Amino acid sequence: MPSTMRTNGPSDAASEDEKFLVRDPRQVRMLLQSLADQRTALTAHPDGSGQSFPSAVLEVDEDGLLLDGSPIPSVNQRAGGAGYWLCLAQVDRVQVRFRVERPQRTLEQECVAFRAALPASLHHLQRREFYRLETPVNESPWCIFPDPDGGEPLRWRVTDISAGGIAVLLPQEDQVLELQRRYPGCALELPDGERIEVALIVCSLVTRTRADGQQPQRAGLKFDRLPRGADAMIQRHIFRIERQRLARLNGQS
């Protein structure tokens, strides 16, 4: 009897994401204060775009927070005109993602800084846990894999993605992976054109029999030592798809 694969819908993704959402104002302030106390660098993406710059939380108070600006005037001009910033950082090696609305440019000890209200919530991903996003077919990342026989690289659609790894669905003719084996020389291509060179470790292999008799294999792959900045690229992609999904659920275009 054919087996069926359950796919997560938008409500499942929202429920999964809820586990990592911190809304308590005291906890939000505490995590932001930790960023300030540890002088943690963060990556700021004005309007959630692919262009980013390094920043930091300089100060947290009852009225909001103060964020470091850039030494480059054109970057500060673009950042000051943004409706919001998507900020990515880590607290004690645990990923933090938050959004600040309409940061206002100011001067702090003759250096450019930006003041913003405290975010209403932030994502605080638990250690060794990552929110997995089911990728829409029309905006899927792709995994580029070296052909073991030396031919053209294999190209597989990524069915879900997180900061820790990906899952791909392999056709019968491409079932070349071995459990627990490390594969260097792979690449992850994001829909916006960004390409990440990466090594992958095979964590799971599950074969499914479809109604048409085909037996695709679902492979769970873990990233091994992402290059610098790759985590921010992946988080930015996840955030953008989440935002589009929520807009559709709310009836927005």
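Our subject is the structure listed above.
Small disclaimer: the values here were computed from a predicted structure and weren't measured. (Residues numbered from 1 in each chain as written. Predicted model: local features only at pLDDT ≥ 70, side-chain atom pairs only at ≥ 80, totals over all residues. Heavy atoms only, no water.)

Caption draft 1: Seen up close, the sheet that holds strand S7 (residues 104–108). Ordered in space as S1-S9-S6-S5-S2-S3-S4-S8-S7, the nine strands form an open sheet in which the pairing is antiparallel. Taken across any chain shown, the strands that pair with only one partner, and hence form the sheet edges, are strand S1 (21–22) and S7. Two elements, strand S6 (residues 94–101) and strand S9 (residues 122–124), share three bridges in a ladder whose sense is antiparallel. Bridge pairing in S9 places Arg97 opposite His123. Across the sheet, helix H2 (residues 25–37) lies against S1, strand S3 (53–61), strand S4 (64–68), strand S5 (84–91), S6 and S9, angled at about 120° from S3, the strand it touches most. Set on the sheet, helix H3 (residues 73–80) makes contact with strand S2 (41–46), S3, S5, S7 and strand S8 (111–116); between it and S8 the angle comes to about 15°. (Pairing = 2+ DSSP bridges. Helix = DSSP H or I, 4+ residues; strand = E, 2+ residues; numbered from the N terminus. Contact = heavy atoms within 4.5 Å. Axes fitted to C-alpha atoms, helices over the stretch in contact; angles between N-to-C directions.)

Caption draft 2: View of the nonpolar core. If you look at the biggest cluster of nonpolar residues, it comprises 27 residues, and the most contacted ones within it are Trp85 and Phe98. If you list the elements that add at least two residues to this core, you get H2, S2, S3, S4, H3, S5, S6 and S8. Ranked by residue count, the leading element in this core is H2, at five residues. (Core = buried A, V, L, I, M, F, W, Y, C linked by side-chain atoms within 4.5 Å. Buried < 20%, exposed > 50% of the residue type's maximum accessible area, 1.4 Å probe, protein only.)

Caption draft 3: Representation of H2 in the model. In this model, H2 (13 residues) spans 18 Å end to end at C-alpha, consistent with the 18 Å of a helix rising 1.5 Å per residue. For H2, the set of buried residues is Val28, Leu31, Leu32, Ser34, Leu35 and Ala36. Elements in contact with the buried residues of H2: S1, S3, S4, S5, S6 and S9. The N-cap residue of H2 is Asp24: its side-chain oxygen and the backbone nitrogen of Arg26 are 2.8 Å apart. A positive backbone phi angle near 50° is found at Arg39, which sits one or two residues after H2. (Expected span 1.5 Å × (residues − 1). Polar contact = N/O pair within 3.5 Å; in protein donor to acceptor, adjacent residues only side chain to side chain.)

Caption draft 4: Seen up close, the pairing of S8. Of the strand pairs in this sheet, S4 and S8 are connected by four bridges, and their pairing is antiparallel. Within S8, the position partnered with Leu67 by the bridge is Phe114. As defined by bridge partners, S7 adjoins S8 across five bridges and the pair is classed as antiparallel. For Thr106, the partnering residue across the bridge sits in S8 and is Ala113. Where S7 folds back on S8, the antiparallel hairpin that results is connected by two residues, among which Gln109 adopts a positive phi of roughly 55°.

Caption draft 5: Main features of empty space enclosed by the protein. For the structure on display, the rule yields two cavities of 30 Å³ or more. Reported here for the largest cavity is a volume of approximately 40 Å³. The leading source of residues in the lining of the largest cavity is S6, at three residues. Looking at the lining of the largest cavity, its residues break down into three nonpolar, two polar and two charged. (1 Å grid on protein atoms, 1.4 Å probe; cavity = no way out; pocket = protein on both sides within 12 Å on 5 of 7 lines; lining within 4 Å. Points joined across faces, edges and corners; volume = space filled by probe spheres on them. Nonpolar A, V, L, I, M, F, W, Y, C, P; charged D, E, K, R; others polar.)

Caption draft 6: Spatial organisation of H3. Every buried residue of H3 is accounted for by Val75, Asn76 and Ala79. Projected down its long axis, H3 carries its buried residues within an arc of 100°, all on one side. Within H3, the exposed residues directed more than 90 degrees away from the buried face are Pro73 and Gln77. At its buried positions, H3 is contacted by S2, S3, S5, S7 and S8. (Arc of directions from axis to C-beta.)

Caption draft 7: Quick look at the environment of Phe223. For Phe223, the position within the fold is in strand S16 (residues 217–224). Through-space distance from the C-alpha of Phe223 to that of Gly164 is 5.9 Å; in sequence the pair is 59 residues apart.

Caption draft 8: Molecular detail of the side chain of Gln235. Looking at the element boundaries, Gln235 is found in helix H4 (residues 230–249). Polar contacts involving the side chain of Gln235 include one to the side chain of Arg97, which spans 3.0 Å.

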